[in-house]
Amino acid sequence: MKFLIKLALTVAALVLIMIIAFRLHTLLGWGLLIVLAGVMVYASRSSYYATRGSTAFASDQFEQALAWYRKAYASKPCPEKHQIGYAYMLMRTGESEQAEAVLHKLLSRTANHEIRMQARCNLATAFWLQGKRDEGVKELEGVFEHYKNTLIYGNLGYFKLMHGDLNETLEFNLAAYAFNSDDKTIMDNCALNYYMLGKMTEAEAMFEKLMSKSPKRAEPYYYYALTLKKLGKKEEAAEQIKQALSKDLSFLTTVTRIEIAEVAKEMNAEK
C-alpha cells in the first residue's frame, strides 16, 4: 500500500511539473517530456535485458539467456526478481558457486518476504548442485516451514528422495500429491519413490498417470521402463526406454546418458 501511495504521489508530481513546463513554454514542455522518456527507458533497461534472457531460455539457448541476464544484473538498479533470474541462469549453465554468491548477496539486502523465499529456494538448488546435499535439504526445509507451494513440494520431495529415508519421504511425497495431484514433478517423485521401495504395482499406476501428461524430460520414461521391466512387461518397457533416449535430462538429475543407453541396449531398444 505504501508503495502504491508513493507511486501515485510521484506520478502526480510529474504530471504537475509537465503542466507547468508546457505553460511556461511549449518547447520546454516537450524537452522535459523527452528527457523523462529517456530516463524511463534507461531505468527499465534491466527488465528489457531480462525479458530477452527469458525468451532465449524458452528456446533452450541457455548461454545466450545467461548473457542477457548478466547484462540485466549489471544494470543498476536491477529488480530483485531479475537477480534471482540471473542466479538461476548461472545454475543452468554450470556456475552454481557464482549463483550462490549472488543469492547470498541478495538475501543480505532484501526485506521482501516473497523474494527471500524465492532466493532461499534457489540457494538450496545451488547447494545441491555443488554436492552440498545436507545444506540443500536443510535450506529448503527451512523455507517449507513458512512457505508452501507446488514448486517447493516438488523440489523438496526430490531432494528427500535422493537424500533421506525412503519411507518417510514417501509420506512427504504423498502429502505433496494431496496438495497438488496434477503436478508432473510431484507425480514423478511419488512414482520414483514407489519404485525405489520396490512397490512396482504402485509405481506403474503413478507412472501411467504421469505419462498421460507427456513429461518433457528423460527420467520418468527411464524409470517407467525399469518398472515395466521388473513387472515382466518387456515390450512396453522397450517403448518407454526409446522415449527416454529421445528426451533431454533434467539439470538436477542423477541419471546419465550412459545409463539410459545401457538399459536400452539390454532391452534391444537402441535407436
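It should be emphasised that the depicted structure is a prediction, and the values quoted were computed from it without experimental measurement.

Student: Looking at this structure, how should I read the environment of Arg120?
Tutor: Looking at the secondary structure, you find Arg120 in helix H7 (residues 113–129). Sequence separation between Arg120 and Leu140 is 20 residues; the distance between their C-alpha atoms is 7.1 Å. In contact with Arg120, not counting residues within four places along its chain, are Leu107, Glu139, Gly142 and Val143.

Student: For this particular structure, what's the right way to read helix H10 (residues 166–179)?
Tutor: Helical geometry note: an α-helix holds 3.6 residues per turn, so side chains three or four residues apart project in the same direction. Spanning 14 residues, H10 covers 19 Å between terminal C-alpha atoms, matching the ideal 20 Å at 1.5 Å per step. Those residues of H10 that sit buried are Thr169, Leu170, Phe172, Asn173, Ala176 and Tyr177. For H10, the arc enclosing every buried residue in end-on projection is 165°, short of the 170-degree limit, so these residues lie on one face. Turned more than 90 degrees off the buried face of H10, the exposed positions are Glu168, Glu171 and Ala178. Those residues of H10 that are buried are in contact with helix H8 (133–144), helix H9 (150–162), helix H11 (184–196) and helix H12 (200–211). The opening residue of H10 is Asp165, an N-cap whose side-chain oxygen sits 3.1 Å from the backbone nitrogen of Asn167.

Student: In this structure, what is going on with the pattern of salt bridges? I would like to understand it.
Tutor: Pairs can form between side chains of opposite charge whenever their charged atoms are close. Counted by the stated rule, this structure contains 8 salt bridges. Between Arg70 and Glu95 there is a salt bridge whose closest N-O contact spans 3.7 Å. You can see Arg70 sitting in helix H4 (residues 62–74) and its partner Glu95 sitting in the loop between helix H5 (80–92) and helix H6 (96–109), a full 25 residues away along the chain. With relative accessibility at 34%, the residue Arg70 sits in the partly exposed group. The closest approach of N and O atoms between Lys213 and Asp182, which form a salt bridge, is 2.5 Å. With Lys213 in the loop between H12 and helix H13 (218–230) and Asp182 in the loop between H10 and H11, the pair connects residues that are 31 residues apart, well separated along the chain.

Student: I keep staring at the nonpolar core and nothing clicks. Help me out?
Tutor: In a soluble, globular protein the nonpolar side chains are often hidden away together inside. Counting residues in hydrophobic clusters, the biggest one holds 53 residues, and the most contacted among them are Phe159, Phe207, Tyr222, Tyr223, Ile241 and Ile260. Ranked by the residues each element gives to this core, the list is headed by H13, at 8 residues. Not counting residues within four places of it along the chain, the set of residues in contact with Tyr223 comprises Leu192, Tyr195, Phe207, Thr254 and Val255. Among the nonpolar cores identified, the runner-up in size contains 26 residues, and Ala65, Met91, Leu103 and Ala126 belong to it.

Student: Looking at this model, I keep getting lost on unusual backbone geometry. Mind explaining?
Tutor: It is generally the case that most residues other than glycine have a negative phi and that most peptide bonds are trans. For the bond running from Lys76 to Pro77, omega is 0°, close enough to zero to count as cis. By the secondary structure assignment, Pro77 is in the loop between H4 and H5.

Student: Explain H12 here, please?
Tutor: Taking 1.5 Å as the rise per residue, H12 with 12 residues should run 16 Å; its terminal C-alpha atoms sit 16 Å apart, in good agreement. Every buried residue of H12 is accounted for by Met200, Ala203, Glu204, Met206, Phe207, Leu210 and Met211. The secondary structure elements touched by the buried residues of H12 are H10, H11, H13 and helix H14 (234–246).

Student: Just to check I follow, could you spell out the packing of H11 against H13 for this structure?
Tutor: For any two helices packed against each other, one specifies the inter-axial angle together with the distance between the axes. Interaxial distance between H11 and H13 falls to 11 Å at its minimum, and their mutual angle equals 35°. Between H11 and H13 lies a crossing whose hand is left-handed. Listed contacts from H13 to Asp188, Leu192 and Tyr195 of H11 are Pro220, Tyr223, Leu226, Thr227 and Lys230. Looking at the contact of H11 with H13 residue by residue, the classes come out as 5 nonpolar, 1 polar and 2 charged.

Student: For this particular structure, what's the right way to read the side chain of Asn193?
Tutor: Relative to the helices and strands, Asn193 resides in helix H11. Of the polar contacts made by the side chain of Asn193, one reaches the backbone nitrogen of Leu170; its length is 3.0 Å. Leave out the neighbours within four places in its chain, and Asn193 touches Leu161, Leu166, Thr169, Leu170 and Asn173.

Student: Would you take a moment to explain the packing of aromatic side chains for this structure?
Tutor: One pass over the structure, following the stated rule, counts 16 aromatic pairs. With 5.6 Å between their ring centres and 40° between their planes, Tyr153 and Phe172 make a pair best called tilted. Within this pair, whereas Tyr153 is found in helix H9, its partner Phe172 is found in helix H10, the two being separated by 19 residues in sequence. With respect to class, Tyr153 is no different from Phe172; both count as buried.

Student: Just checking my understanding: could you explain the packing of H9 against H10 for this structure?
Tutor: Closest axis-to-axis distance for the H9/H10 pair is 9 Å, and the angle between their directions is 165°. If you check the angle between H9 and H10, you find them roughly antiparallel. The chirality of how H9 crosses H10 is left-handed. On H10, the residues touching Thr150, Tyr153, Leu156, Gly157, Lys160 and Leu161 of H9 are Leu166, Thr169, Phe172, Asn173, Ala175, Ala176 and Phe179. Residues that form the contact of H9 with H10 fall into these classes: 8 nonpolar, 4 polar and 1 charged.

What counts, and where the lines are drawn
- Residues numbered from 1 in each chain as written.
- Predicted model: local features only at pLDDT ≥ 70, side-chain atom pairs only at ≥ 80, totals over all residues.
- Heavy atoms only, no water.
- Helix = DSSP H or I, 4+ residues; strand = E, 2+ residues; numbered from the N terminus.
- Contact = heavy atoms within 4.5 Å.
- Expected span 1.5 Å × (residues − 1).
- Buried < 20%, exposed > 50% of the residue type's maximum accessible area, 1.4 Å probe, protein only.
- Arc of directions from axis to C-beta.
- Polar contact = N/O pair within 3.5 Å; in protein donor to acceptor, adjacent residues only side chain to side chain.
- Salt bridge = Lys/Arg side-chain N within 4 Å of Asp/Glu carboxyl O.
- Core = buried A, V, L, I, M, F, W, Y, C linked by side-chain atoms within 4.5 Å.
- Axes fitted to C-alpha atoms, helices over the stretch in contact; angles between N-to-C directions.
- Left-handed = near helix turned anticlockwise from the far one by under 90°.
- Nonpolar A, V, L, I, M, F, W, Y, C, P; charged D, E, K, R; others polar.
- Phe/Tyr/Trp six-rings, centres within 6.5 Å; stacked < 30°, edge-to-face > 60°.
- Parallel < 35°, antiparallel > 145°, perpendicular 65-115°, else oblique.

Read these as geometric descriptors, not functional statements.
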